[in-house]
Amino acid sequence: MTLARALARIPGPTAHEDVAEIMKVFSSRAAQPVGLDDVARLSGLPLDRVRVVADALADALVLDFVGGETYRYDRDVAVELELRSLTDRLHAHREHLQDNVARFRSHKGTY
């Protein structure tokens, strides 16, 4: 089980952000079957994108495929550590981008 393995299979520039949002939903409902419609609604991501990410997470053995469009996440210490590291990196990246924008605006004298 590894998020890195799943991330390698997910196309698109927002793969890391999508995984973090989707795993947040599954983590809050650990050991419970969750339908992809619910994941899409709670994460704010389009259903097609949720489906791609959930399939990759299931292929990487992070999620269990229950049937239909339902998956379950059973907590795993290694996955939880990877998820924490991923969210920390995403947070640091967002802060870096915000700092750059603030510096640019300050330099140009705009607000």
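Basis of the calculations
Sequence order as written defines residue numbering, which begins from 1 separately in each chain. Note on the predicted model: pLDDT of at least 70 is required for a residue's local features to be given, and 80 or more for side-chain atom pairs to be given and counted; whole-chain, interface and lining totals, by contrast, use all residues. Based on all heavy atoms of the structure, the side-chain values leave hydrogens and waters out of the count. Between any two strands, at least two bridges found by DSSP are needed for them to pair. The helix count covers DSSP runs of H or I at least four residues long, the strand count covers runs of E at least two residues long, and both are numbered beginning at the N terminus. Only C-alpha atoms enter the line fits that serve as axes; for helices the fit covers just the stretch in contact. Angles between N-to-C directions range over 0 to 180 degrees. When describing relative orientation, an angle under 35 degrees is termed roughly parallel and one over 145 degrees roughly antiparallel, while 65 to 115 degrees is termed roughly perpendicular and anything else oblique. Take the far helix as the reference: if the near one is turned anticlockwise from it by less than a right angle, the crossing is left-handed, and if turned clockwise, right-handed. Here, residues are in contact when the closest pair of their heavy atoms is within 4.5 Å. Under the scheme applied here, ten amino acids are nonpolar (Ala, Val, Leu, Ile, Met, Phe, Trp, Tyr, Cys and Pro), four are charged (Asp, Glu, Lys and Arg), and all others, including Gly, are polar.

Asker: Would you mind showing me how to read the sheet that holds strand β2 (residues 64–67) here?
Answerer: Sheet strands pair by backbone hydrogen bonding; their relative direction is either parallel or antiparallel. Read across the sheet, three strands follow the order β1-β3-β2 without closing on themselves; strand pairing throughout is antiparallel. At either margin of the open sheet sits one strand with a lone partner, and together these are β1 (34–35) and β2. Examined bridge by bridge, β1 and strand β3 (residues 70–72) share two bridges and lie antiparallel to one another. When the sheet's bridge partners are listed, Val34 is paired in β3 with Tyr71.

Asker: Mind showing me how you'd approach unusual backbone geometry here?
Answerer: The phi dihedral of Ala31 is positive, around 70°, even though this residue is not glycine. Here the phi dihedral of Leu61 falls at roughly 65°; this positive angle occurs in a residue that is not glycine. Inspection of the secondary structure assignment puts Leu61 in the loop between α4 (47–59) and β2.

Asker: Please explain the packing of helix α3 (residues 36–43) against α4 as it appears in this structure.
Answerer: When two helices pack together, their arrangement is given by the angle between the helix axes and the distance between those axes. Packing of α3 against α4 brings their axes to within 9 Å, and their N-to-C directions diverge by 115°. The pairing of α3 with α4 is recorded here as roughly perpendicular in orientation. Viewed along their axes, α3 and α4 form a crossing whose handedness is right-handed. On α4, the residues touching Leu36, Asp37, Val39, Ala40 and Ser43 of α3 are Leu47, Val50, Arg51 and Ala54. Considering only residue class, the contact of α3 with α4 consists of six nonpolar, one polar and two charged.

Asker: Help me out: how do you make sense of the packing of helix α2 (residues 15–28) against α3 in this one?
Answerer: At their nearest, the axes of α2 and α3 sit 9 Å apart, and the two run at 115° to each other. With respect to the hand of their crossing, α2 and α3 are arranged in right-handed fashion. Where α2 abuts α3, its residues Glu21, Ile22, Val25 and Phe26 lie against Val39, Leu42 and Ser43.

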